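Here is what each chain is made of, one letter per residue.
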Amino acid sequence: MKSALAIAFLVSASFVAGGPIRSSSRQCGTRISKGKMIAAEKQFQALKESRLTMKAAAGADDSTPGPINVYFHVINKNETGTRDDGLIEDDIIEKQMKVLNEGYEQSGISFKLQNTSRVHNPEWFSSASPDSAYQTDMKKQLRQGGPGDLNVYLVGFEKGDAEGLLGYATFPSDYEGAPEDDGVVVLHSSLPEGSTAKFNEGKTLTHEVGHWAGLYHTFQGGCSKDGDQVADTAPQGRPTSGCPRDNAPDTCPGDKLTDPIHNFMDYSDDECLTEFTPGQKKRMYDQMRVFRKINYPELPEVGAPETPAEPETPTEPETPTEPETPAEPETPTEPTTPTESTTPTEPTTPTESTTPTESGTPTEPETPTESEAPSEPETSAEPETPEEPEFEFPWEF
């Protein structure tokens, strides 16, 4: 393939008589360097702004375009052989088209089969691969349509650089420089009901068409900021193997996001691939509008996925306290019988005179001085029965 922007979708394999044995491990055979990717992205951004300006000036319609035309080219190595020789029947092509449309349905992209050609060429079937003369010759002779038409080539990937491949594709930005090279090449046994275990549900074509529409792998660039140029796909350090749906890995631990194992642009088994993100949808629309002249509408920008919040540790429920036993009501005390108020004692009447002596004449009683005024009577604490005062006669008879 002339273009350096080619993607190869690989399965590690060993060769035995009758063809390669394909393992369950996929490997990427990308043909794009970091420098060329940066250049392609700069070109894309510049053309994108220019086309949007022209579109706005022309008042172009933003309605979603119709289905993308699809041309299948079935290459076989034995015209009287079996499906293993590349003889794919029409009903399998129809099933593959159904899988393709289901995969892109949520993205608003659809496909319509226009024609299926069948060609007997053992060399194309076994040896077509990126940059090989076989695939260049095959595409030059068979390709149909323009930049917005999808050409799919079914081959066997049996020999040389082709051995073990599941598929490869060109990007939209490749078309202008090499229009005859445009298209997708996939392993015939990856179609529905094929013989390639774990990759025989038809989703290899869904993956490769993603590249044809402008998407990189979700693990492109590893854990770097730009990665696959799509904001809402989680950073991914390496491709997924198998379908770890019960324990999705996090190969970029710093972001606290699990790898997008269900994304069509990862390397999971077919059964695991189910989705494109809104950001990928936007990029496909933009890429095909700019490079493939398909009038997809301009979509709003999509932000990065949110980091999930740390789950709160549940607190231990408080043990309910024992209800307090109500206190026994106090037995009311007998009311205290009020004591009789103490009757104040009568003040002692001062004697008018001292008792006369036996021999003398009674003396006149002394008049008390003013300073010796009688003091206030004291109230005794305990009531006392007052004594009868003795009456004294101041004289004798």
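Our structure's up above, just so we're on the same page.
Treat the numbers as computed from the prediction; the structure is a model and nothing was measured.

Some remarks on the overall build of the protein
Inference 1: Along the protein, the regular secondary structure elements total six helices and seven strands.
Inference 2: Counting from the amino terminus, helix and strand elements in the protein follow one another as β-β-α-β-α-β-α-α-β-β-β-α-α.
Inference 3: Residues classed as buried in the protein amount to 42% of the 397 residues present.
Inference 4: In the protein, the share of contacts with a sequence separation of at least 24, taken over all contacts with a separation of at least 6, comes to 70%.
Inference 5: When the accessible surface of the protein is summed, it comes to about 23400 Å², and 51% of that surface belongs to carbon and sulfur atoms.

Thoughts on the packing of aromatic side chains
Inference 1: Evaluated as defined, the whole model comprises eight aromatic pairs.
Inference 2: Judged by centre distance (5.3 Å) and plane angle (75 degrees), the rings of Y104 and F111 are edge-to-face.
Inference 3: Assessed through its relative accessible area of 1%, Y104 is described here as buried.
Inference 4: In this structure, R292 packs its charged tip against the face of W212, placed 3.9 Å from the ring centre.

With respect to the state of the cysteines
Inference 1: Throughout the structure, instances matching the rule amount to two disulfides.
Inference 2: Residue pairing for C223: its cysteine sulfur links by disulfide to C252, the two sulfurs lying 1.8 Å apart. Judged by the sign of its S-S torsion, about -90 degrees, the bond between C223 and C252 is left-handed. Of the two residues, C223 is situated in the loop between α5 (203-212) and α6 (278-291) and C252 in the loop between α5 and α6; the sequence distance between them amounts to 29 residues.
Inference 3: Overall, the relative accessible area of 45% leaves C223 in the partly exposed class.
Inference 4: A relative accessible area of 6% places C252 in the buried class.
Inference 5: A sulfur-sulfur separation of 2.2 Å characterises the disulfide bridge that pairs C243 with C272. The sign of the 75 degrees torsion about the S-S bond sets the C243-C272 disulfide as right-handed. You can see C243 sitting in the loop between α5 and α6 and its partner C272 sitting in the loop between α5 and α6, a full 29 residues away along the chain. Grouping residues by exposure puts C243 and C272 together as buried.

Here we look at helix α4 (residues 133-142)
Inference 1: The set of residues buried in α4 consists of Q135, T136, M138, K139 and L142. The arc enclosing the buried residues of α4, seen along the axis, measures out at 165 degrees, which places them on a common side. Seen from the buried face of α4, the exposed residues on the opposite side, beyond 90 degrees, are A133, K140 and Q141.
Inference 2: Buried residues belonging to α4 abut β3 (68-76), β4 (111-120), α3 (122-127), β5 (150-155), β6 (165-170) and β7 (184-187).

Some details on the pattern of salt bridges
Inference 1: Tallying each qualifying case throughout the model produces 16 salt bridges.
Inference 2: Its salt-bridge partner being E41, residue R283 comes within 2.7 Å of it at the nearest N-O pair. Taken as a pair, R283 in helix α6 and E41 in helix α1 (residues 34-58) lie far apart in primary sequence, 242 residues in all.
Inference 3: A salt bridge links K203 to E201; the nearest nitrogen and oxygen atoms lie 4.0 Å apart.
Inference 4: Overall, the relative accessible area of 36% leaves E201 in the partly exposed class.
Inference 5: Among the ionic contacts, a cluster of salt bridges with common partners joins K48, K282, D286, R289, E298 and E301.

Considerations on the environment of I294
Inference 1: Summarising the element assignment, I294 is placed in the segment after α6.
Inference 2: Along the sequence, I294 and D149 sit 145 residues apart, while their C-alpha atoms lie 9.6 Å from each other.
Inference 3: If we skip the residues at most four places from it in the chain, I294 touches P65, I68, G148, M288 and R289.

Points about the nonpolar core
Inference 1: Grouped together as the largest cluster of nonpolar side chains are 33 residues, with contacts concentrated most on I68, I109, F111, L150, L154, V209 and M288.
Inference 2: Of all the elements in the fold, those that place two or more residues in this core are β3, α2 (90-104), β5, β7, α5 and α6.
Inference 3: The element best represented in this core is α2, accounting for five residues.
Inference 4: Look past the residues within four positions of V209 in its chain and what remains in contact with it is L100, Y104, F111, L150 and V184.
Inference 5: By size, the runner-up hydrophobic cluster in this structure holds 17 residues, among which are I75, M138, Y153 and Y168.

Focus: the pairing of β4
Inference 1: Here β3 pairs with β4 via nine bridges, running parallel. Bridge pairing in β4 links Y71 to N115.
Inference 2: In this view, the connection linking β3 to its parallel neighbour β4 by way of α2 has right-handed handedness.

What to know about the pairing of β6
Inference 1: Of all six residues in β6, six are buried, a share of seventy percent or more.
Inference 2: Sheet analysis places β6 next to β7, joined by three bridges and oriented antiparallel. Within β7, the position partnered with A169 by the bridge is V184.

What about the packing of α2 against α5?
Inference 1: Where α2 meets α5, the axes come as close as 9 Å, and the angle between the chain directions of the two elements is 50 degrees. The orientation of α2 with respect to α5, classified from their angle, is oblique. Crossing angle aside, the handedness with which α2 passes α5 is right-handed. Packed against α2, whose contacting residues are Q96, V99, L100, G103 and Y104, the element α5 presents K203, L205, T206, V209 and G210 at the interface.
Inference 2: Broken down by class, the residue content of the contact of α2 with α5 amounts to five nonpolar, four polar and one charged.

Parameters at a glance
Residues numbered from 1 in each chain as written. Predicted model: local features only at pLDDT ≥ 70, side-chain atom pairs only at ≥ 80, totals over all residues. Heavy atoms only, no water. Helix = DSSP H or I, 4+ residues; strand = E, 2+ residues; numbered from the N terminus. Buried < 20%, exposed > 50% of the residue type's maximum accessible area, 1.4 Å probe, protein only. Contact = heavy atoms within 4.5 Å. Areas by Shrake-Rupley, 256 points an atom, 1.4 Å probe, with all protein chains shown as cover. Phe/Tyr/Trp six-rings, centres within 6.5 Å; stacked < 30°, edge-to-face > 60°. Lys NZ or Arg CZ within 6 Å of the ring centre and 35° of its normal. Disulfide = S-S within 2.5 Å. Arc of directions from axis to C-beta. Salt bridge = Lys/Arg side-chain N within 4 Å of Asp/Glu carboxyl O. Core = buried A, V, L, I, M, F, W, Y, C linked by side-chain atoms within 4.5 Å. Pairing = 2+ DSSP bridges. Right-handed = clockwise from strand over helix to strand, strands pointing away. Axes fitted to C-alpha atoms, helices over the stretch in contact; angles between N-to-C directions. Parallel < 35°, antiparallel > 145°, perpendicular 65-115°, else oblique. Left-handed = near helix turned anticlockwise from the far one by under 90°. Nonpolar A, V, L, I, M, F, W, Y, C, P; charged D, E, K, R; others polar.

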